[in-house]
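Each chain, written out:
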Amino acid sequence: MDINTVGVIGAGTMGSGIAQVFAQGGCHVVLVDVAEPVLERARRAIEKSLGRFVEKGTLSAADRDAALGRLSTSSSLDRLARADYVVEAVVEDADTKRTLFTSLDAIVQPGVVLASNTSSISITALGAATTRPERVLGMHFMNPVPLMPLVELIRGQATSDDSMAIARDLCVRLEKTGVEAADYPGFIANRILMPMINEAIYALMEGVGTPEAIDTVMKLGMNHPMGPLTLADFIGLDVCLAILDVMHEGLGDPKYRACPLLRRLVAAGRLGRKSGQGFYTY
Ligand SMILES: NC(=O)c1ccc[n+]([C@@H]2O[C@H](COP(=O)([O-])OP(=O)(O)OC[C@H]3O[C@@H](n4cnc5c(N)ncnc54)[C@H](O)[C@@H]3O)[C@@H](O)[C@H]2O)c1
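Treat the numbers as computed from the prediction; the structure is a model and nothing was measured.

The rules behind each value
- Residues numbered from 1 in each chain as written.
- Predicted model: local features only at pLDDT ≥ 70, side-chain atom pairs only at ≥ 80, totals over all residues.
- Heavy atoms only, no water.
- Near = heavy atom within 4 Å.
- Polar contact = N/O pair within 3.5 Å; in protein donor to acceptor, adjacent residues only side chain to side chain.
- Areas by Shrake-Rupley, 256 points an atom, 1.4 Å probe, with all protein chains shown as cover.
- Helix = DSSP H or I, 4+ residues; strand = E, 2+ residues; numbered from the N terminus.
- Nonpolar A, V, L, I, M, F, W, Y, C, P; charged D, E, K, R; others polar.
- Buried < 20%, exposed > 50% of the residue type's maximum accessible area, 1.4 Å probe, protein only.
- Contact = heavy atoms within 4.5 Å.
- Pairing = 2+ DSSP bridges.
- Axes fitted to C-alpha atoms, helices over the stretch in contact; angles between N-to-C directions.

## Focus: the site of the ligand
(1) Moving on: Around the ligand lies a shell of 23 residues, among which Met14, Asp33, Glu92, Lys97 and Ser119 are the nearest.
(2) Moving on: Here Glu92 contributes a side-chain N or O atom positioned 2.5 Å from an oxygen atom of the ligand.
(3) Moving on: At 3.0 Å, a side-chain N or O of Asn143 approaches an oxygen atom of the ligand.
(4) Moving on: With the chains in place, 85% of the 850 Å² that the ligand exposes on its own is no longer accessible.
(5) Moving on: Mapped by element, the contributors of at least two residues to the shell around the ligand are helix 1 (13–24) and strand 6 (136–141).
(6) Moving on: Residue classes in the shell around the ligand are distributed as 11 nonpolar, eight polar and four charged.

## Quick word on the environment of Glu40
(1) Moving on: Considering the arrangement of structural elements, one finds Glu40 in helix 2 (residues 36–56).
(2) Moving on: Sequence separation of Glu40 and Ser163 is 123 residues, and the distance between their C-alpha atoms is 32 Å.

## Topic: the side chain of Thr118
(1) Moving on: Assignment of secondary structure puts Thr118 in the loop between strand 5 (113–116) and helix 5 (123–128).
(2) Moving on: The buried category is assigned to Thr118, whose relative accessible area is 1%.
(3) Moving on: Discounting chain neighbours no more than four positions away, the residues touching Thr118 are Glu92, Lys97, Ile123, His140 and Phe187.

## Describing the sheet that holds strand 1 (residues 5–9)
The strands that make up a sheet pair up through hydrogen bonds in the backbone, lying either parallel or antiparallel.
(1) Moving on: With mixed pairing, the eight strands of this open sheet are ordered in space as 3-2-1-4-5-6-7-8. Both outer strands of the open sheet, strand 3 (71–74) and strand 8 (177–182), are each paired with one neighbouring strand and no more. Across the sheet, the mean angle separating the axes of adjacent strands is 25° when strand polarity is ignored.
(2) Moving on: The pairing of strand 4 (residues 85–88) with strand 5 spans four bridges and is parallel. What sits directly across from Val87, in strand 5, is Ala115.

Below, the structure written as structure tokens:
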């Protein structure tokens, strides 16, 4: 199947990046979110990101304009009736995603793949909310999407080989490396990353070190490009908490229990970079 038009739902941190890379990859993109101001903010973020590539000399001004010309936005899911592929990047909440997949299933043509950018939620459960579980898979991009080369490809219990092949081919088209993971909570990336971030938050809560000390140890001692608390702020503390809760419940192991300090910061609306305050102030 030729993929010409891609629907992206959710125009936050991830959805705007995903829309951008598909537009750069030559696809017409319809970016959908619930509110117009969010869509306007996403368009500005995409323009800014493409502009940085032009400044660096890795993208021509003509290619930037062409990519922006392929991008349209809408607050109505009905605009996806003619999409050839759909990626969902709404909030990390299982009920919201399940409801969305049921709606998408009724709107999008039969046979079209419905992908989720979820960090941890069961692809099998999302597939079961549709009449096409063989066409549902995980396409887990990394943040920031235009810069990070990895995409985790998650095969649900019913996902067909053909659907996985479509997703793998799209990764090649987007110049990303697709790596397949099985459908267990957190897949590969967050199964390994989140316990480290959570442990860093426990270390902070217990006074083992300041945020700067914890991040510097991991940067200079372990050669990580970014410390775990800086990374948590970058991902979004609400997103980190949601992922840990899914892993804790789904894997049943107390080692995934979210640190109470993380829960407290989220309750206070300190969500990291996107809210201006997390472990650091932005
Ligand atoms: N932030 C990260 O670093 C990261 C990395 C990989 C994957 N993810 C995953 O990507 C997804 C999105 O995360 P994010 O960080 O971009 O979140 P975000 O909060 O920045 O954006 C979520 C967007 O979804 C929109 N939304 C919510 N419900 C909707 C609905 N029913 N229909 C349409 N739009 C809706 C919101 O208005 C918001 O704009 C989550 O599943 C998350 O786990 C996040």
